[in-house]
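Residue strings, one per chain:
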Amino acid sequence: MKVLIVEDERKAGRYLQQGLSEAGYTVDLVGDGVEGLHRALTGDHDLLILDVMLPGMDGWQILETLRRGGRDMPVLFLTARDQVEDRVRGLELGADDYLIKPFAFSELLARVRTLLRRGRGEPEPTALQVADLELDLLGRRATRAGERIDLTAQEFALLKLFMRRKGEVLPRSLIASQVWDMNFDSDTNVVEVAVRRLRRKIDEPFESKLIRTIRGMGYVMEEEGAR
Amino acid sequence: MSRPASLTTRLTLLFVLVSSSVLLGLGWVLHAAVERHFVEMDRDLLQSKLDALERLLKDPSAPAGLVGLQSAVDEMFRSDPELKVWVQISGDGVLSPPDLSLPSGILRQHADSPEPHIFSWWHEDVRYRGLAQSLQPTKPDVGPQVVVVAINIDHHERFMARYNQTLTVFIAVAALLSGFLGWWASRRGIAPLRLIQERAAEVTARHLHHRFPETSVPRELTGLAHELNCMFARLEEAFDRLAAFSSDLAHELRTPVNNVLTQTQVAISRDRDAESYREVLISNVEELDRLSSMISDMLLLAKADDGLNLPSVEPVRLEQEIGALFEFYDALAEEERVRLRVTGQGEISGNRLMLRRAFSNLISNALRHSFPDHDVILRIRERTDWIDVTVENTGEPLQPQESSRLFDRFYRGDPARGRQGSGGVGLGLAITQALIQAHQGRIRVEPAGELTRFIVSLPKRPDGLPPSDRLAQDAS
């Protein structure tokens, strides 16, 4: 998967490049708008990460030119201007998502994965499995090692998110947004409590634990020994 | 547009204009009176001469014929050489002085007017005034007669010329004097404005406490001084709040930055194992996370100070939004052994995300301060033009001075009371207030012992008028 980052702040750009490279992506980094547009038009990137404020040509202009040129790869905007008008403008022009600076890297990674997955157009699975934990999406049933686990609707939604994004670190804000539609800085205590309750049901009675806390980042669901 | 003339110039010109027009008018009235007086004097004089002449003409013993009449008239007015006499006897011709001619047509004009008529005319730069009358003949052999007597009135003319000259000079001097007076008076009159100007020049951000002396300025300026003082009071208050906010902000930012800095410096001061570095980095992430969300909140509040716009407005069913929030807080409430309850329903036009965030903060706050095994109750009450939502919890009583500061930025309340929420930097209620105000609503808190009740009043349509204080009173 190739990602193009257009970001003029060198330090931020380099760390984004490093972070995404370590997450398994091939990353190109460009520091100005005109060069960025050129690389986006000529390259074969699967995703574009665009800063709004760029020297030469701003993010909006790049996006507009790209879409007019028929390039429809997903575009994630990074903006320090958290004005809603800007967001609306970005989405009208065909941006797929946006992140407001400052943002957490884990949040960015989660969004990048979502965008790339959306681009692939995978069919919605009817069942999910992580180790011996199984989730039947149609019957809304969870079993672990053959044992039936009773879940509330919230817990079901939370578990579904974890299992679909197996191996990805999910920041608390992303969980709040995906499960409860809380698209703002909400009381993240709530997420901690909800995850704790879910763990009580799916992890505590069993030997191997599936949900891990990554301090300072969020939670990840993976088989023990996967890392 | 050109700049208007100075007040002093305007007042001076006004004084000059008014005084010279009054004096000119007065001069004209006096001139006319003197002129009339002279005419009266001349008429009396001429009338007596005319009467004497009439007596002579009607005397049966008077000589007949022009020549005889001439000598009789000469004889009669011997002592009065300035007097000019004309007598026209129809059929006989005209008796007239040798050195003066009447304006043409006078004799014919007065041929049959029995009333005496006064008139004046110029002859060789000398002015004369005459009195003309026609006399009915008393003798059958004599035709109708027209008699004119006239005198030189040059001395009147000279008097009037002198009079006019004096008057002109007087008016000019008086106008100048009054102009000067006006200039002086206006300078004096606007002196208090200069005082206000000097005081205003002393005002800087540091000296906003300066006030204008409201009692020592003239009554007309008291209102201005008072309004300016009110303006300064408002500015001072806003400025103080801003200054306090800036210092709070610096303080709030310093703590996490200081933590990160110290921790990092200690960590790199000697070699450690990878796990220790990891610990430091994770701790840094936590501090920076706090900073980051604080910055986002600050940005929101800074924008709110400029007046927050609603990005999009849609019908929002409050009980649905609160229900969704309850789902979110459900697990937390259960852990804290607090029950969340909502009663009533209502719909308003507003921004869903902003309203959700506002109530989320209120519910989070209520949960944080609730005693275990108690309810947090939200009541939605529909009023005529607005909707009241109350959020109640039972917990440690609010201190009396707390309720007024609760919505202040960075206000955290008693640190001993309740647990510290994650990322709680004391901006939550300030943000809630800003979001509610963006909907032209109001929020206030009513502490009643252990019961703390927040009351949010939201207009059903944000373009409508905000509910007045009086109306909001019966919400309780």
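How each quantity is defined
Per chain, residue numbering runs from 1 following the sequence as it is written. For this description, chains carry letters from A and ligands carry numbers from 1, given in the order in which they are written. Residue-level local features of this predicted model are given only where pLDDT is at least 70; pairs of side-chain atoms are given and counted only at 80 or more, and the full residue set underlies all totals for whole chains, interfaces and linings. With hydrogens and water set aside, each side-chain value is computed from the structure's full complement of heavy atoms. Paired strands, as defined in this entry, are two strands with at least two bridges between them according to DSSP. By definition, any uninterrupted DSSP run of H or I lasting at least four residues is a helix, any uninterrupted run of E lasting at least two residues is a strand, and each is numbered from the N terminus. In this analysis, axes come from line fits to C-alpha atoms, helices being fitted only over the stretch in contact, and the angle between any two N-to-C directions falls in the range 0 to 180 degrees. Should any heavy atoms of two residues lie within 4.5 Å, those residues are counted as being in contact. We call a set of buried residues a nonpolar core when its members are Ala, Val, Leu, Ile, Met, Phe, Trp, Tyr or Cys and they connect through side-chain atoms within 4.5 Å of each other. Working definition: with a 1.4 Å probe on protein chains only, accessible area under 20% of the residue-type maximum means buried, over 50% means exposed, and in between means partly exposed. Classification of ring pairs rests on two measures: the distance between centres of Phe, Tyr or Trp rings, Trp counted by its six-membered ring, which must be within 6.5 Å, and the angle between planes, read as stacked under 30 degrees, edge-to-face over 60 and tilted in between. Each residue after the first adds 1.5 Å to the expected span of a helix. Arc, as used here, means the arc of the directions from the helix axis to the C-beta atoms. One side-chain nitrogen of Lys or Arg within 4 Å of one carboxyl oxygen of Asp or Glu is enough to make a salt bridge. Values labelled buried area give the accessible surface lost by two parts on being combined, using a 1.4 Å probe and summing over both. In protein, a polar contact means a hydrogen-donor-capable atom and an acceptor-capable atom, both N or O and within 3.5 Å, with residues adjacent in sequence counting only if both atoms are side-chain atoms; elsewhere, any N or O pair within 3.5 Å suffices. Both site types are read off a 1 Å grid over the protein atoms alone. A 1.4 Å probe that fits but cannot get out defines a cavity, while an open set with protein on both sides within 12 Å along at least five of seven lines defines a pocket; lining residues have an atom within 4 Å of a point. Grid points are joined across faces, edges and corners, and a volume is the space filled by probe spheres set on the points. The nonpolar class holds Ala, Val, Leu, Ile, Met, Phe, Trp, Tyr, Cys and Pro. Asp, Glu, Lys and Arg form the charged class, and all remaining residues, Gly among them, are polar.

**A few points about the sheet that holds strand 4 (residues 75-79) of chain A**
All names here are of chain A. The strand order across the open sheet formed by five strands is 2-1-3-4-5, and the pairing between neighbours is parallel. With one partner strand each, in any of the chains shown, strand 2 (26-30) and strand 5 (97-100) form the two edges of the open sheet. Put simply, the sheet's adjacent strands are angled 15 degrees from each other on average, direction ignored. Pairing geometry for strand 4 and strand 5, over four bridges, is parallel. Opposite Phe77, over in strand 5, you have Tyr98 as the bridge partner. Across the face of the sheet, helix 1 (residues 10-22) comes into contact with strand 1 (2-6), strand 2, strand 3 (47-51) and strand 4 while running at roughly 170 degrees to strand 2.

**Quick look at the nonpolar core**
Counting residues in each nonpolar core, the largest one holds 87 residues, and the members touching the most others are Leu159, Phe162, Ile175 and Met221 of chain A together with Tyr329 and Phe454 of chain B. Sorting elements by how many residues they give to this core places helix 8 (residues 318-335) of chain B first, with nine residues. Excluding anything up to four places from it in sequence, Phe454 of chain B contacts Leu362, Asn365, Val389, Thr390, Val391, Leu406, Phe407, Leu429, Ile443, Arg444 and Val445 of chain B. Judged by nonpolar contacts, the second largest core, of 22 residues, contains Leu46, Val73, Leu95 and Leu131 of chain B.

**Side note on the packing of aromatic side chains**
Each aromatic ring pair is described using two quantities: the centre-to-centre distance and the angle formed by the ring planes. Throughout the structure, instances matching the rule amount to ten aromatic pairs over all chains. Joined through ring pairs, the aromatic side chains of Trp86, Phe119, Trp121 and Tyr128 of chain B make up one cluster.

**Examining helix 1 of chain A**
Because each turn of an α-helix spans 3.6 residues, side chains separated by three or four positions in sequence point in the same direction. Residues and elements named next belong to chain A. Spanning 13 residues, helix 1 covers 18 Å between terminal C-alpha atoms, matching the ideal 18 Å at 1.5 Å per step. Within helix 1, burial applies to Gly13, Leu16, Gly19 and Leu20. Angularly, the buried residues of helix 1 cover 130 degrees about the axis, an arc narrow enough to put them on a single face. Set apart from the buried face of helix 1 by more than 90 degrees, the exposed residues are Arg10, Lys11, Tyr15 and Glu22.

**Considerations on unusual backbone geometry**
Residues and elements named next belong to chain A. Not every positive phi belongs to a glycine, and Ala145 is a case in point at roughly 50 degrees. Residue placement: Ala145 occurs in the loop between strand 8 (141-144) and strand 9 (147-149). Although it is not a glycine, Asp181 adopts a positive phi angle of roughly 65 degrees. Within the secondary structure, Asp181 is located in the loop between helix 7 (172-180) and helix 8 (189-202). With relative accessibility at 42%, the residue Asp181 sits in the partly exposed group.

**Here's the deal with the pattern of salt bridges**
Under the criterion given, the structure shown has 41 salt bridges over all chains. Between Arg197 of chain A and Glu334 of chain B there is a salt bridge, and its shortest N-O distance comes to 2.4 Å. Placement of the pair is Arg197 of chain A in helix 8 and Glu334 of chain B in helix 8, with the two residues belonging to separate chains. A cluster of three or more residues bridged by salt bridges with shared partners is formed by Lys2, Asp28, Glu35, Arg39 and Asp44 of chain A.

**Observations regarding the side chain of Thr452 of chain B**
All names here are of chain B. In this structure, Thr452 sits in strand 12 (residues 451-459). When its relative accessible area of 6% is taken as the criterion, Thr452 is described as buried. Leave out the neighbours within four places in its chain, and Thr452 touches Val391, Glu392, Asn393, Leu398, Val445 and Glu446.

**A short note on the interface of chain A and chain B**
If you look at the interface, chain A gives 24 residues, while chain B gives 29 residues. For the pair chain A and chain B, the summed buried surface comes to about 2,500 Å²; carbon and sulfur atoms form 53% of the total. Our count for the chain A to chain B interface comes out at seven salt bridges. Its salt-bridge partner being Glu335 of chain B, residue Arg200 of chain A comes within 3.4 Å of it at the nearest N-O pair. Linking chain A with chain B are seven residue pairs in polar contact (both at pLDDT 80 or more).

**Some words on the environment of Thr114 of chain A**
All names here are of chain A. Mapped onto the elements, Thr114 comes out in helix 5 (residues 105-120). Among the residues examined, Thr114 registers a relative accessible area of 24% and is labelled partly exposed. A sequence separation of 17 residues divides Thr114 from Asp97, and the C-alpha atoms of the two residues are 9.9 Å apart. A distance of 2.7 Å separates a polar atom in the side chain of Thr114 from the backbone oxygen of Ala110.

**Overview of the layout of surface pockets**
All names here are of chain B. When its volume is computed, the second largest pocket comes out at roughly 630 Å³. Lining the second largest pocket are 19 residues; nearest its centre among them are Arg241, Asp305, Phe407, Asp408 and Arg409. Mapped onto the lining of the second largest pocket, the elements with two or more residues apiece are helix 6 (219-268), helix 7 (274-305) and helix 11 (428-438). Looking at the lining of the second largest pocket element by element, the count peaks at six residues for helix 6. Residues that form the lining of the second largest pocket fall into these classes: eleven nonpolar, two polar and six charged.

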